[in-house]
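Residue-level structure breakdown
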Amino acid sequence: MPDLAPPLIAWYAGHARDLPWRRPGFGAWGVLVSEFMLQQTPVNRVVPHLEAWLRRWPSPSDLAAEPPSEAVRQWANLGYPRRALWLHRAAVELCDRHGGAVPREVDALLALSGVGDYTARAVAVFAYGERHPVVDTNTRRVLARAIGGRAQPGPPARGDLAVMAAVLPEDAAAAAVMNAATMELGAVVCTARAPRCGGCPVAGLCAWRLAGHPDTGDGRRRQARYEGSDRQARGAVLKLLREAPGQAVAVAGLLADWPDAAQRERAIASLVADGLAERAGDGLQLPA
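The numbers attached to residues start from 1 for each chain and follow its sequence in the written order. The predicted origin of the model limits local features to residues at a pLDDT of at least 70 and limits the giving and counting of side-chain atom pairs to 80 or more, whereas totals for whole chains, interfaces and linings rest on all residues. Each side-chain value is worked out from all heavy atoms of the structure, with water and hydrogens disregarded.

Points about the environment of Gly 212
For clarity, the cut-off: Helix and strand definitions follow DSSP, with helices as H or I runs of at least four residues and strands as E runs of at least two, each counted in order from the N terminus. Buried, partly exposed and exposed residues are distinguished by accessible area as a fraction of the type maximum, computed with a 1.4 Å probe on protein chains only: under 20%, between the cut-offs, and over 50%, respectively.
The topology assignment puts Gly 212 in the loop between helix H12 (207-210) and helix H13 (230-242). Among the residues examined, Gly 212 registers a relative accessible area of 52% and is labelled exposed. As for Gly 212 and Gly 149, which are separated by 63 residues in sequence, their C-alpha atoms are 9.6 Å apart.

Structure representation (structure tokens):
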């Protein structure tokens with residue numbers, strides 16, 4: 001197992017992007033919110049939404065005191081809006097179970113709505129300095145190349161945590177930096193399509209580079225096209241509901257000119273099924 005930590009940590013000290021959740025005193029609630037928002041959403045889109053969210057709801061109790069409709073409305077166009085509902089539920093759970101504080105234990109974090117392996121460990125590590133492996137898409141790509149000699153990682157697996165744990169320094173503070181540095185390297189240098197191996201601090205240790213950058217295949221799951229999809233129709237319905245605060249919108253008037261009537265009906269039904277909308281007589285509104 002190559003010792004990736006020293007060069008990665010040294011590189012990160014001089015190349016880490018200035019992001020809100022990396023600043024001193026950002027707080028565990030801010031880290032938790034940022035991790036919800038960063039799921040499947042680029043950093044540059046997340047930052048302004050995160051800052052607006054935390055200005056409005058600087059603590060879990062502030063969010064829990066408002067109805068879930070406000071969380072969905074504030075989520076705006078971030079995409080995958082069920083995350084807003086999960087985050088609201090998590091805020092309520094934090095108030096009910098933890099006195100309005102974000103716990104540091106991974107098991108307690110995993111018990112919150114919308115929190116999985118990655119998010120739980122990310123909060124424990126980046127908010128509290130606990131020593132755990134944190135593995136996201138960027139981390140998996142770095143590990144696949146530097147250690148596995150593969151061009152792209154395979155599907156996510158529990159074994160990814162074991163590989164990351166094996167390269168972490170024993171010191172908890174250094175391990176936290178190593179986690180962040182590996183993610184950063186994957187985000188800005190060891191990218192999926194055009195890795196910049198000339199600027200990589202671990203190029204001399206990378207099994208994929210040393211093997212001559214072989215094409216080992218790409219089994220990554222491809223995201224379905226957005227244009228014309230049910231997701232686009234759902235987003236259009238939800239946008240109309242967000243723009244009608246405090247009142248229901250007549251179902252008959254929702255996307256009345258949408259080119260695919262069956263898709264429109266599926267979008268409305270799926271939003272209701274997901275709890276992102278609810279029927280009110282002949283109308284539809286955000287969840288109360």
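Still more to cover.
So, the environment of Ala 233
Looking at where Ala 233 falls in the secondary structure, it is placed in helix H13. The exposure class of Ala 233 is buried, given its relative accessible area of 0%. Considered as a pair, Ala 233 and Arg 89 are 144 residues apart in the sequence and their alpha carbons are 25 Å apart.

Regarding empty space enclosed by the protein
The following threshold applies: Whether a set of points on the 1 Å grid over the protein atoms alone is a cavity depends on a 1.4 Å probe fitting there but being unable to get out, while an open set qualifies as a pocket with protein on both sides within 12 Å along at least five of seven lines; lining residues are those with an atom within 4 Å of a point. Grid points are joined across faces, edges and corners, and a volume is the space filled by probe spheres set on the points. Classification used: nonpolar for Ala, Val, Leu, Ile, Met, Phe, Trp, Tyr, Cys and Pro, charged for Asp, Glu, Lys and Arg, polar for all others including Gly.
Under the defined criterion, the tally for this structure stands at 1 cavity of 30 Å³ or more. Its boundaries defined by the atoms lining it, the largest cavity holds a volume of some 110 Å³. Surrounding the largest cavity, 15 residues form its lining, Cys 190, Cys 197, Cys 200, Val 202 and Cys 206 being those nearest its centre. Element by element, the count of residues in the lining of the largest cavity is highest for helix H9 (residues 137-146), at 3 residues. Considering only residue class, the lining of the largest cavity consists of 12 nonpolar, no polar and 3 charged.

By themselves, these figures tell us nothing about what the structure is for.
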